[in-house]
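Summary of the model geometry
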Amino acid sequence: MPTNFTVVPVDDADGTSQSQNAAAGGSKPTSLGKIFGEQQDQDDLQDSQSGDSDIQRESSPFISPDDHREHYYEAKNMALFEEEMESNPMVSSLLNKLANYTNLTQGVREHEEAEEDGVRRVAVVVPQMGTFIGVYLPCMQNILGVILFLRLTWIVGTAGILGTFAIVSMCCVCTLLTAISMSAIATNGVVPAGGSYYMISRSLGPEFGGAVGLCFYLGTTFAGSMYILGTIEILLTYIVPTATVFKEGENASMMNNMRVYGSCCLLLMALVVFVGVKYVNKLALVFLACVVLSIMATYAGVIKTLIEPPDFNVCLLGNRSLKNEMFETCAKTLLVKNQTVITELWGLFCDSNYPNATCDQYFSKNNLTEIPAIPGLLSGVIRDNLWGDYGPAGTHLEKKSQSSVPVQETPEDIYRPYVFNDITTYFTLLVGIYFPSVTGIMAGSNRSGDLRDAQRSIPIGTIMAILTTSFIYISCVVLFGACIEGVVLRDKFGYSVKKNPVIGILAWPSPWVIVIGSFFSCCGAGLQSLTGAPRLLQAIARDGIIPFLQVFGHGKANGEPTWALLLTVGICEIGILIASLDAVAPILSMFFLMCYLFVNLACAVQTLLRTPNWRPRFKFYHWTLSFLGMSLCLSLMFVSSWYYALVAMVIAGCIYKYIEYRGAVKEWGDGIRGLSLNAARYALIRLEEAPPHTKNWRPQLLVLCKLDSDLTVRHPRLLSFTTQLKAGKGLTIVCSVLEGTFMARGKDVKTGEQNLKAAMAAEKMKGFSHVVVSSNLRDGFSLLIQSAGLGGMKHNAVLMAWPTGWTEARDSSARRNFIETVRETTAAHQALLVAKNIDHFPGNQERLKGGTIDVWWIVHDGGLLMLLPFLLSQHKVWRKCKMRIFTVAHMDDNSIQMKKDLQMFLYQLRLDAEVEVVEMHESDISAFTYEKTLVMEQRSQMLKQIKLSRTEREREAQLIHDRNTATHSAMNDKAAGAGPDRVHMTWTKDKLVNERNRHREGMGVKDMFNMKPEWENLNQSNVRRMHTAVKLNEVVVMKSRESQLVLLNMPGPPKNKKGDENYMEFLEVLMDGLDRVLLVRGGGREVITIYS
């Protein structure tokens, strides 16, 4: 829950101004917001606890971040650190804040005191509660309750002393182990209000925290239903049995009465909680006193049986127990003044009040016996009560050791005053009914803000309360079995003892002590549940992890959770409409057991991970104890009710997945993240032990993505194609390179990564993003190709877009970067995928309704060409496209046999594709090929001339100038005659520029055409390569012009770097006339196999 903070001003060594201000203000407190520099109104304190402030508070390593920018140093002692003072406070100032810090729970007491007398004020209460008042008594009050007074005697009579001892032991051991785990978590730092929800969510993450928090909320809400049903059961059964509304039908009328009175009681309690919660808290001690007095009266009654057993008798007809509320005398007839007089029992079993009347057959054949209901501690009845006596619903309660004459049961028996089993009883049912009696161990951790020393009080108080209540329960089991007759113990509502609670007839001095005490105890527990459940829901809603619960985080002006209270009342009404305490108890048992299970899991995970922050002050814990407690919780869930357990797990699972996919992103440093890191480390180490087998090979992509000037993704369809190729499987790393230095472009890196993540999220792409800064793009991409990934999770393929504008670029950097990338991926034995016209590729929302994916298999490079279409066809975008494989046959190849062999090969590879063998005959090199080669080499020479260095250009300009000067001088000499001296001009930079411009205007075009070589002077290697590209392009365009995608083998760059300019021309010619093309270059290993 959100937390109020209060600071008591203290004097420090810095001066007396603070103490003087405090003295001037009297006892008025200084708010934590002012001390920490938070300039906000106190009225908005509750709203400030949600949203971003929660994230800031959770991420802060200490109590609260320091928002103001004052320097905490004087003179020049700390001048060395003066530049860090704004972000890192001095230790003295930090300790001063910690000393002034108090953590008060945002509980109902503060809410009510804030509105007392109609004046809003901030309560200043220094926590002074110790272990006994703050933890021990609240846990005792929550643990002891309705089950003890209304059902424990019935459980003992049904399951026997040994069976009940097993039930109580299992449940108490479960809660004790959970308390040990909870103590370790609660002492590992400050635990604000929110109790188990806070501990689980901060230990296991928001998904588990939200799921278990809602389960705990539902358990608390249904606990309110159970307490209200217990209250109404006591009221209508023992206090005012004549106040029933429905009279007809025994079971139906009782359930309808429970629904009517339970709903009225719920509305009344909800009204009390809404308008007067402070009275509920003030009466909490009174409710606890009722429980303690009732237990003391029970023990006093046990002691009294040693002296004088109570005067309560049970009337048995044969061996069947009878309801004695309708008669006083346990006899068929009485002898009064020497006359035989029939009793009330005669009229209940016979058709008239005369001695010769026709009576029930069982009544006629069996005698009436009156036995003491409570024989006493020394009577030896304990031997009869050691073993259980289970039975189906509607069977008679019988004393097995009593003799009787059996007769055939008749339907009229239900109208006789027999005592029946109201429900079918079995061991697992009793476990589910009993478990709510040991819940309530979280009461101490929920009040951690009110404790003087929470890290000491919570473990001691909680464990002592569990040990005390466990002793009470176990001793009660033994004493009930040793003092009370078994047929009475199995009488759930006390019909055989004049409709008194069975535990009440044992208590001293009167059964009314138990009746009144249990009534007020149930009322108080119901009010506490209706008080705590809405605040738990409000804490979950204000954390913002479940979007649809946001409305329940609001409430009245003082923070009271009005909307959460309305929802709680609605859910509680569902439990009341069930109208059976025995049916409601297993439901809330499931939710509490699931909560306890995850408390144990949280402790075990944190212990095994050994995170540096896991330093609990409570040292008596171990991960084996936590796992034992977790296993016991899970076992008890399925033992109690396997179908309720499945329902609870489904609910928790649905909430977990909802938070995972739709909830707000929270980072609380939870253990599940640490567990994931450990699992990832272990898996990476295992992966690095051996290279992956061919059967496990899949493309682990490194996507080289370019960002534009706005740092947004230039080609979003590259990410779409990656998603279609990967389908969420394997490793995907999307990266980009920025030119510059990291110190200068640090903010651009963050912006670029955010844009990459946004683009990946828009394409529903799962993977990692990374932006690096390098002095140039070539070095950056080279660094990524070498070092991206970690251990065995490294990329094996690189995907990039074809540099479309390389021919128009003024410099050759794009061409050089591309060719070097090809060379580096080949050297690193990584596959390379180059997509041409990537912006024309289909998006993830498009659906291609037909067409083909054409594979042109020219050379075998590991089978990647055939694997990629199969992977694409698994995605819904390409699912309806058929696969075609083309291969090239030469003059000396048998094309028919090649086709058969290829079809067999595809069959063994389990690939469905059409096969076609294309024959390329040897032909003379066409004039078009020569022309293409000529234009290519002309462009190469132009690029070389443009690339001339400054020195070479100046040297060439100097030569041109000298030649022109000599020519000009010779012409002048001829015109004017030779002079005695020749004047030499000094060559300057300005003259160079002017001369170069003059020659560019007059002779530039002429020189360009003068570079044109003749066909016979062309490089024959380039001619052959161009011929191959042209001929292959003609065939591909003819066969695959209308295909949706064309996959081609990508030829490697020349080993001699002098031919790099021509390499790009060859690829352009090869892809000319095609829309969507994917050039594929294998990584040098087999990626597809025919073996299983």
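Residues numbered from 1 in each chain as written. Predicted model: local features only at pLDDT ≥ 70, side-chain atom pairs only at ≥ 80, totals over all residues. Heavy atoms only, no water.

When helices and strands are tallied, the protein chain shows 37 helices and 17 strands. Here the protein chain, with 1092 residues, has 50% of them falling under the buried criterion. Summed over all atoms, the accessible surface of the protein chain reaches about 53,600 Å², with 57% contributed by carbon and sulfur. (Helix = DSSP H or I, 4+ residues; strand = E, 2+ residues; numbered from the N terminus. Buried < 20%, exposed > 50% of the residue type's maximum accessible area, 1.4 Å probe, protein only. Areas by Shrake-Rupley, 256 points an atom, 1.4 Å probe, with all protein chains shown as cover.)

Spatially, three strands are ordered E4-E3-E7 in an open sheet, and the strand pairing comes out antiparallel. Strand pairing shows two members of the sheet lacking a second neighbour, strand E4 (320-321) and strand E7 (368-372), which therefore form its edges. (Pairing = 2+ DSSP bridges.)

Right, let's get into the side chain of Thr158. For Thr158, the position within the fold is in helix H8 (residues 152-186). Contact partners of Thr158, with chain neighbours within four places excluded, come to Gly388, Asp389, Tyr390, Thr425, Leu430 and Arg490. (Contact = heavy atoms within 4.5 Å.)

Attention shifts here to helix H6 (residues 131-143). Helix length check: H6 (13 residues) gives 17 Å between terminal C-alpha atoms against 18 Å at 1.5 Å per residue, within 8%. Counted residue by residue, H6 has 10 buried out of 13 residues, so it is predominantly covered. All of the buried residues along H6 are Thr131, Gly134, Val135, Tyr136, Leu137, Pro138, Cys139, Met140, Gln141 and Ile143. Buried residues along H6 sit in contact with helix H13 (284-307), helix H17 (443-446), helix H18 (454-483) and helix H21 (511-543). (Expected span 1.5 Å × (residues − 1).)

With that settled, the discussion passes to a nonpolar patch on the surface. A grouping of Tyr390, Tyr426, Leu634, Phe638, Trp642, Tyr643, Leu646 and Met649 is seen on the molecular surface, where their side chains present a nonpolar patch of about 750 Å² in accessible area. For the nonpolar patch, the secondary-structure elements that each account for two or more residues are helix H24 (623-640) and helix H25 (642-662). Of the residues forming the nonpolar patch, the biggest block, four residues, is contributed by H25. Counting through the fold element by element, Phe638 comes out in helix H24. (Patch = residues over 30% accessible without salt bridge, like charges linked within 9 Å, V, L, I, M, F, W, Y side chains within 5 Å. Salt bridge = Lys/Arg side-chain N within 4 Å of Asp/Glu carboxyl O.)

Okay, the state of the cysteines next. Summed over the entire model, instances satisfying the criterion amount to two disulfides. The partner cysteine of Cys315 in its disulfide is Cys330, sulfur to sulfur 1.9 Å. Here the S-S torsion is close to 75°, and the disulfide linking Cys315 with Cys330 is therefore right-handed. In this pair, Cys315 is assigned in strand E3 (residues 313-317) and Cys330 in the loop between E4 and strand E5 (333-336), connecting sequence segments 15 residues apart. A disulfide bridge connects Cys350 with Cys359, and the sulfur atoms are separated by 1.7 Å. (Disulfide = S-S within 2.5 Å.)

As paired elements, strand E9 (residues 732-739) and strand E10 (residues 768-774) share seven bridges and run parallel to each other. Residue pairing for E10: Cys735 is matched across the bridge by His770.

What you tend to see is this: most non-glycine residues have negative phi, and most peptide bonds are trans. With omega at 15°, the peptide bond leading from Trp508 into Pro509 counts as cis. The topology assignment puts Pro509 in the loop between helix H20 (502-506) and H21. One non-glycine residue, Arg610, lies in positive phi territory at about 55°. Within the secondary structure, Arg610 is located in the loop between helix H23 (581-609) and H24. Phi is positive for Leu711, which is not a glycine, with a value near 65°. The topology assignment puts Leu711 in the loop between strand E8 (701-704) and helix H27 (716-726).

Before going further, it helps to spend a moment on empty space enclosed by the protein. Per the counting criterion, the structure on display carries five cavities of 30 Å³ or more. Every residue along the wall of the largest cavity is listed here: Phe149, Leu150, Thr153, Tyr238, Lys492, Pro501, Val502 and Ile503. Mapped by element, the contributors of at least two residues to the lining of the largest cavity are helix H7 (146-150) and H20. Tallied by class, residues from the lining of the largest cavity come to six nonpolar, one polar and one charged. (1 Å grid on protein atoms, 1.4 Å probe; cavity = no way out; pocket = protein on both sides within 12 Å on 5 of 7 lines; lining within 4 Å. Points joined across faces, edges and corners; volume = space filled by probe spheres on them. Nonpolar A, V, L, I, M, F, W, Y, C, P; charged D, E, K, R; others polar.)

Glancing now at the pattern of salt bridges. The final tally for this structure, using the stated rule, is 18 salt bridges. A salt bridge links Lys1031 to Glu1034; the nearest nitrogen and oxygen atoms lie 3.8 Å apart. Of this pair, Lys1031 and Glu1034 both sit in helix H36 (residues 1020-1040), three residues apart, which is roughly one turn of that helix. Note on Glu1034: relative accessible area 44%, which makes it partly exposed. Salt bridges sharing common partners tie together Arg151, Glu233, Asp422, Lys492 and Asp582.

Moving on to the pairing of E3. Taken across its five residues, E3 has four buried, putting it largely inside the fold. Both E3 and E7 contribute to a ladder of five bridges, which runs antiparallel. What sits directly across from Leu317, in E7, is Leu368. Inspection of the sheet shows E3 paired to E4 by two bridges, in the antiparallel sense. Note on E4: the bridge partner recorded for Leu316 is Ser321. Adjacent in sequence and paired antiparallel, E3 and E4 are bridged by two residues, among which Gly318 carries a positive phi angle near 70°.

Tallied over the full model, the rule gives 25 aromatic pairs. Consider the rings of Trp623 and Phe627, whose centres lie 5.7 Å apart with planes at 85°: the pair is edge-to-face. With Trp623 and Phe627 both in helix H24 and four residues apart, the pair spans about one turn of that helix. Trp623 sits in the partly exposed class, given a relative accessible area of 35%. Given a relative accessible area of 29%, Phe627 falls into the partly exposed group. (Phe/Tyr/Trp six-rings, centres within 6.5 Å; stacked < 30°, edge-to-face > 60°.)

This brings us to the sheet that holds E10. An order of E10-E9-E8-E11-E12-E17-E16-E13-E14-E15 is seen for the 10 strands of this open sheet, with the pairing classed as mixed. This sheet does not close on itself; its edge strands, each paired only once, are E10 and strand E15 (914-919). Between one strand and the next, the sheet's axes are offset by a mean angle of 20°, whatever the strand orientation. One ladder, built from four bridges, connects strand E13 (residues 852-857) with strand E16 (residues 1045-1049); its direction is parallel. Paired with Trp856 across the two strands is Leu1048, which belongs to E16. (Axes fitted to C-alpha atoms, helices over the stretch in contact; angles between N-to-C directions.)

Checked against the element boundaries, Gly209 lands in helix H10 (residues 206-239). Under the relative-accessibility criterion, Gly209 is labelled buried at 0%. Counting along the chain gives 11 residues from Gly209 to Tyr198, while the straight-line C-alpha distance between them is 7.3 Å. Dropping the residues within four chain positions of it, Gly209 is found in contact with Tyr197, Ile200 and Ser201.

Before going further, it helps to examine the packing of H21 against helix H22 (residues 562-578). Between H21 and H22, the shortest axis-to-axis distance is 8 Å and the interhelical angle comes to 120°. Comparing the axis directions of H21 and H22 gives the class oblique. Once H21 is placed against H22, the crossing between them reads as right-handed. Contacts from Leu530, Ala533, Pro534 and Leu537 of H21 reach H22 at Ala564, Leu565, Leu567, Thr568 and Cys572. Residues of the contact of H21 with H22, tallied by class, amount to eight nonpolar, one polar and no charged. (Parallel < 35°, antiparallel > 145°, perpendicular 65-115°, else oblique. Left-handed = near helix turned anticlockwise from the far one by under 90°.)

Now for helix H16 (residues 427-434). With six of eight residues buried, H16 lies mostly within the body of the structure. Along H16, the positions that sit buried rather than exposed are Leu429, Leu430, Val431, Gly432, Ile433 and Tyr434. In this structure, the buried residues of H16 make contact with H7, H8, H18, H23 and H24.

With that out of the way, let us pick up the packing of helix H30 (residues 813-827) against helix H37 (residues 1060-1071). In the contact formed by H30 and H37, the axes pass within 10 Å of each other and the chain directions differ by 85°. Comparing the axis directions of H30 and H37 gives the class roughly perpendicular. Of H37, the residues touching H30 (which contributes Arg815, Phe818, Ile819, Val822 and Arg823) are Asp1060, Glu1061, Tyr1063, Met1064 and Leu1067.

In the predicted model, the protein chain carries a mean pLDDT of 79, and the fraction of residues at 70 or more is 76%. When the elements of the protein chain are averaged for pLDDT, strand E2 (residues 103-105) gives the smallest value, 33, and H24 the largest, 95. Counted against residues more than four places away or in other chains, residues 974-989, with its pLDDT under 50, gives 12 contacts. Here residues 999-1015 is modelled with pLDDT under 50, and outside its nearest four sequence neighbours on either side it reaches 17 contacts, counting other chains as well. (pLDDT = per-residue confidence, 0-100.)

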